[in-house]
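# Geometric and topological summary
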Amino acid sequence: MSPTPTADRPAEDDVRRALLDAARSLDRLGLNHGSAGNLSVRWHRGGSDGLLVTPSALPCDRCTTDDLVWMPIVADRSHDPRPDGRRRPSSEWRFHHDLYAHRDDVHAVVHTHAPHCTALACLPSIQRDGLPAFHYMVAAAGGGDVRCAPYATFGTQALSDHALAALEGRRACLLAHHGMIAVGATLEAAMALAVELEWLARTYALALSLGGPATLPAEEMARVVERFRDYRP
Ligand code: 13P
């Protein structure tokens, strides 16, 4: 089933290995644990746009590259897309699928239950206003705040719809009473943003405990968002 590798396109086995390595590094970094969280990358097969996603309910230390699941990206959602693999895809396949279906700029999706992001996403003020511009790096997610998607039961279309709305024009969001999502043009970019967002959440929690941070003005955040457009090695 693997497409023919070319000089500029890695083989599917390489992509499966990179996805599993990324999942394991989230565990090592303390951003995920057990079977919490899930990751995917956009992956075409033959003529079909699709995604490779981690399996459901399988801790990544027990997961092999053969346990990752491929699914087509379908326009017609009257039927669920049929997964190809020996495991069930992540219960959150809907928001992974829908992000690729609606966002050409998204090629990787990282969902974690990182502790500081998750703790903040349980606070009424964060659920209402998002993570504010207390530090310029908030703009790394693409705007002057990091929105928090309203709560919906895990694995539901409602959660996918909320997540897509919270991510509109952005690369990361919090999920109320649940965790966070980071997306990127590459797996490396989505992973780096997930790590950055957990650092921001931890630092914001510290600033709150010290009396509450001031915030940067909207014009400054707009300037930083612009500067991030060509901030890369
Ligand atoms: P899966 O094991 O089905 O990926 O679910 C974990 C999770 O984090 C649900 O939000």
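Here the structure is shown first, and the text comes after it.
Note that the structure is predicted; figures quoted are calculated from it, not measured.

### Description of the site of the ligand
Taken together, 13 residues surround the ligand, and among them S56, A57, S90, S91 and E92 come closest. Separating an oxygen atom of the ligand from a side-chain N or O atom of N38 is a distance of 2.9 Å. Residue H178 places a side-chain N or O atom 2.9 Å away from an oxygen atom belonging to the ligand. A breakdown of the residues in the shell around the ligand according to their chemical character gives three nonpolar, nine polar and one charged.

### Notes on the packing of aromatic side chains
Within a pair of aromatic rings, the relevant descriptors are the distance that separates the centres and the angle that separates the planes. The full count for this structure, using the stated rule, is two aromatic pairs. Taking 5.7 Å as the distance between ring centres and 80° as the angle between the ring planes, the aromatic pair formed by F228 and Y231 counts as edge-to-face. For F228, a relative accessible area of 17% translates into the label buried. Under the relative-accessibility criterion, Y231 is labelled exposed at 65%.

### Examining unusual backbone geometry
Positive phi, normally seen in glycine, also occurs at A57, with a value near 60°. Along the chain, A57 turns up in the loop between strand 2 (50–53) and strand 3 (69–72). Of the residues examined, A57 reaches a relative accessible area of 57% and is grouped as exposed. One non-glycine residue, H177, adopts positive backbone phi at about 55°.

### Here's the deal with the pattern of salt bridges
Any two side chains of opposite charge can pair, on the condition that their charged atoms come close. The full count for this structure, using the stated rule, is 14 salt bridges. Ionic pairing is found between D98 and R77, a salt bridge with its closest N-O pair at 2.5 Å. Here R77 lies in the loop between strand 3 and helix 2 (93–102) and D98 lies in helix 2, a separation of 21 residues in the sequence. Of the residues examined, D98 reaches a relative accessible area of 5% and is grouped as buried. R77 gets classed as partly exposed once you look at its relative accessible area, which sits at 26%.

### Some words on the sheet that holds strand 4 (residues 108–112)
Taken together, the seven strands give an open sheet; going across it, the order is 3-2-1-4-7-6-5, and neighbouring strands pair in mixed fashion. Looking at the sheet topology across the chains shown, the edges are occupied by strand 3 and strand 5 (148–149). By the bridge criterion, four bridges tie strand 2 to strand 3 in an arrangement that is antiparallel. When the bridges of strand 3 are listed, L51 appears paired with M71. Contacting strand 1 (38–42), strand 2 and strand 4, helix 1 (residues 12–28) runs over the sheet at an angle of about 150° to strand 1.

Reading the values: rules and limits
- Residues numbered from 1 in each chain as written.
- Predicted model: local features only at pLDDT ≥ 70, side-chain atom pairs only at ≥ 80, totals over all residues.
- Heavy atoms only, no water.
- Near = heavy atom within 4 Å.
- Polar contact = N/O pair within 3.5 Å; in protein donor to acceptor, adjacent residues only side chain to side chain.
- Nonpolar A, V, L, I, M, F, W, Y, C, P; charged D, E, K, R; others polar.
- Phe/Tyr/Trp six-rings, centres within 6.5 Å; stacked < 30°, edge-to-face > 60°.
- Buried < 20%, exposed > 50% of the residue type's maximum accessible area, 1.4 Å probe, protein only.
- Helix = DSSP H or I, 4+ residues; strand = E, 2+ residues; numbered from the N terminus.
- Salt bridge = Lys/Arg side-chain N within 4 Å of Asp/Glu carboxyl O.
- Pairing = 2+ DSSP bridges.
- Contact = heavy atoms within 4.5 Å.
- Axes fitted to C-alpha atoms, helices over the stretch in contact; angles between N-to-C directions.

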